[in-house]
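Okay, here's what each chain looks like letter by letter:
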Amino acid sequence: MTSIIEVLGEQISKALNIKSIQAKGLLRLAIKDVMSDKPVDQMSLKDIKVVLNQGLTERLNKIGVSNSAQIVKEVANYITANQSLITIIKI
Amino acid sequence: MDIGTELYYYVYLILWCVTGVFIIIKAVKSKTINLIHFGLSLISLGLASIPELFGSYSGAAIFRGIGLILVLFFIEKTFYEEKKSPFVLFVICLIIGASFMAIFDLWSKVTPSKLLEYIRDLSFAISIMIPFCWLTFASYSSYKLVKTLEIEPHIIKRYQILGVVAFINLIPATFLSVEIPLAITVMPDFSDIVLIGFLVSSLLTIVFYYILWFMPTSVKNYFNKDYTPKVIEEDVEISEEELMKSIREDIGI
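Below is a summary of the structure that appears in this document. Just so it is clear, the structure is predicted and the values come from calculations on it, not from any experiment.

Some points on the overall build of chain A
For step 1, the next point in the chain: Assigned secondary structure in chain A consists of 5 helices and 0 strands.
For step 2, the next point in the chain: Reading the secondary structure of chain A in the N-to-C direction produces α-α-α-α-α.
For step 3, the next point in the chain: Compactness check: chain A gives a C-alpha radius of gyration of 12 Å against a globular reference of 12 Å for 91 residues, within 12% of the reference.
For step 4, the next point in the chain: Overall, chain A is about 35 × 25 × 20 Å in size when its C-alpha atoms are taken along their principal axes.

Next comes the structure, spelled out in structure tokens:
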């Protein structure tokens with residue numbers, strides 16, 4: 001079943017040139033860091049932006065990715081453009 | 001009011017209110033707040049039939065205005081959050097449109113005139129066109145973006161259905177905008193065609209709403225029949241440190 005993690009994970013995977021499963025794992029860690037136990041399917045666009053801007057940025061910095069801000073910006077722009085997926089995937 | 005028109009209003013009232021309630025229940029269950037706006041809009045548009053049954057188009061204008069503004073809220077929250085949009089402009093246009101509907105209805109009752117009735121109907125037609133043209137545009141634009149993604153086709157189909165159903169809502173608005181000019185000139189029976197147009201588009205809208213918001217598994221499977229999910233790497237459990245290390249290695253840090 002398609003989830004927002006799949007969709008965002010795919011984008012992170014392309015941006016970082018890593019395996020999709022690694023990107024999804026990284027995203028799950030970022031969600032856990034800033035949203036603790038909030039279920040992914042209950043996250044709004046604002047929540048996702050917080051996960052990307054805080055959680056993912058921090059994770060990328062920990063890994064040592066030099067252009068983390070650029071990558072986060074790309075993924076954030078992507079989900080803003082495709083924000084209707086958050087609703088359509090949920091139902 | 002003839003029996004056909006009266007029946008139409010009853011069918012419209014029941015179908016739209018019941019569907020609205022179902023959508024709200026779905027929205028609450030799935031915690032999709034923007035969908036609550038959509039469910040409420042259906043209820044408000046359905047309730048507009050009650051004053052209409054008593055011949056009060058001005059009373060109906062209030063419910064219609066609220067219902068159509070709620071559609072705008074749904075579009076804004078679903079497609080345009082944190083993006084530039086004509087939302088405020090459209091809300092103002094709808095408030096003006098609903099006010100025109102009410103004012104020109106009351107005026108035409110004091111001073112019976114086909115012109116005043118036409119302005120009332122035209123205000124209603126334009127008020128319907130604003131949110132549903134926007135919804136058609138928003139659905140189509142999003143469809144163009146998501147159709148290339150590797151996601152289940154039933155998700156992509158929902159965008160098409162939403163666009164089609166929004167477009168269907170433009171049909172009665174178009175009929176309404178030409179009803180009086182045609183009825184007083186070349187087609188005296190055009191009002192009957194308008195009524196049939198309204199009934200058919202209402203029924204189609206409801207059917208599509210059920211497919212869209214309550215898509216049965218059989219329909220999902222049908223849309224997904226040619227879809228082969230991308231081969232997913234074996235989901236092995238690894239620790240946080242191992243994951244971070246493997247990413248570092250893969251990107252060469």
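Next comes the rest of the account.
Concerning the side chain of Thr-136 of chain B
For step 1, the next point in the chain: Inspection of the secondary structure assignment puts Thr-136 of chain B in helix H6 (residues 114-146).
For step 2, the next point in the chain: For Thr-136 of chain B, a relative accessible area of 19% corresponds to the buried category.

What about the packing of helix H2 (residues 20-35) of chain A against helix H11 (residues 240-250) of chain B?
For step 1, the next point in the chain: Where H2 of chain A meets H11 of chain B, the axes come as close as 10 Å, and the angle between the chain directions of the two elements is 130°. As judged from the angle between their axes, H2 of chain A and H11 of chain B are oblique. Crossing of H2 of chain A against H11 of chain B: the hand is left-handed. Every residue of H11 of chain B that contacts H2 of chain A at Gln-22, Gly-25, Leu-26 and Leu-29 of chain A is listed here: Glu-240, Leu-243, Met-244, Ser-246, Ile-247 and Asp-250 of chain B.
For step 2, the next point in the chain: Residue classes in the contact of H2 of chain A with H11 of chain B are distributed as 5 nonpolar, 3 polar and 2 charged.

Digging into the packing of helix H3 (residues 45-63) of chain A against H11 of chain B
For step 1, the next point in the chain: For the pair H3 of chain A and H11 of chain B, the least separation of the axes is 10 Å and the interaxial angle reads 65°. It follows that H3 of chain A is roughly perpendicular to H11 of chain B by the angle criterion. As H3 of chain A packs across H11 of chain B, the resulting crossing turns out to be right-handed. The residues of H11 of chain B that touch H3 of chain A, namely those facing Arg-59, Lys-62 and Ile-63 of chain A, are Glu-240, Met-244, Ile-247 and Arg-248 of chain B.

Some thoughts on the interface of chain A and chain B
For step 1, the next point in the chain: Every contact between the two is made by 36 residues of chain A and, on the other side, 37 residues of chain B.
For step 2, the next point in the chain: Interface area for chain A against chain B, summed over the two sides, is near 3,300 Å², with a carbon-plus-sulfur share of 59%.
For step 3, the next point in the chain: Of all residues in chain A, Ile-63, Ile-88 and Ile-91 of chain A bury the most surface against chain B, accounting for 21% of the area lost on that side.
For step 4, the next point in the chain: Where chain A touches chain B, the interface holds 3 salt bridges.
For step 5, the next point in the chain: Among the ionic pairs, Glu-82 of chain B bridges to Lys-49 of chain A, the shortest N-O distance being 2.6 Å.
For step 6, the next point in the chain: Summed over the shared surface of chain A and chain B, the number is 13 residue pairs in polar contact (both at pLDDT 80 or more).
For step 7, the next point in the chain: Where the side of chain A that touches chain B is concerned, the elements lending two or more residues are helix H1 (4-16), H2, H3, helix H4 (68-81) and helix H5 (84-90) of chain A.
For step 8, the next point in the chain: Its residues assigned to classes, the side of chain A that touches chain B shows 16 nonpolar, 12 polar and 8 charged.

Details of the pattern of salt bridges
For step 1, the next point in the chain: This structure, assessed with the given rule, holds 11 salt bridges over all chains.
For step 2, the next point in the chain: Between Arg-59 of chain A and Asp-33 of chain A there is a salt bridge, and its shortest N-O distance comes to 2.7 Å. One end of the pair, Arg-59 of chain A, is in helix H3; the other, Asp-33 of chain A, is in helix H2, and 26 residues separate them in sequence.
For step 3, the next point in the chain: In this structure Arg-59 of chain A comes out as buried when scored by relative accessible area, which is 3%.
For step 4, the next point in the chain: Connected through shared salt-bridge partners, Asp-105, Lys-109, Arg-120 and Asp-121 of chain B make up one network.

Describing unusual backbone geometry
For step 1, the next point in the chain: With a phi close to 60°, Asn-17 of chain A is a non-glycine residue in the positive phi region.
For step 2, the next point in the chain: With respect to the helices and strands, Asn-17 of chain A occurs in the loop between H1 and H2.
For step 3, the next point in the chain: The exposure class of Asn-17 of chain A is exposed, given its relative accessible area of 64%.
For step 4, the next point in the chain: For Glu-82 of chain B, which is not a glycine, the phi torsion comes out positive at approximately 60°.
For step 5, the next point in the chain: Position of Glu-82 of chain B among the secondary structure elements: in the loop between helix H4 (57-79) and helix H5 (87-110).

About the thresholds
Residues numbered from 1 in each chain as written. Chains lettered and ligands numbered in written order. Predicted model: local features only at pLDDT ≥ 70, side-chain atom pairs only at ≥ 80, totals over all residues. Heavy atoms only, no water. Helix = DSSP H or I, 4+ residues; strand = E, 2+ residues; numbered from the N terminus. Rg over C-alpha atoms; globule rule 2.2 N^0.38 Å. Buried < 20%, exposed > 50% of the residue type's maximum accessible area, 1.4 Å probe, protein only. Axes fitted to C-alpha atoms, helices over the stretch in contact; angles between N-to-C directions. Parallel < 35°, antiparallel > 145°, perpendicular 65-115°, else oblique. Left-handed = near helix turned anticlockwise from the far one by under 90°. Contact = heavy atoms within 4.5 Å. Nonpolar A, V, L, I, M, F, W, Y, C, P; charged D, E, K, R; others polar. Buried area = accessible area lost by both parts, 1.4 Å probe. Salt bridge = Lys/Arg side-chain N within 4 Å of Asp/Glu carboxyl O. Polar contact = N/O pair within 3.5 Å; in protein donor to acceptor, adjacent residues only side chain to side chain.

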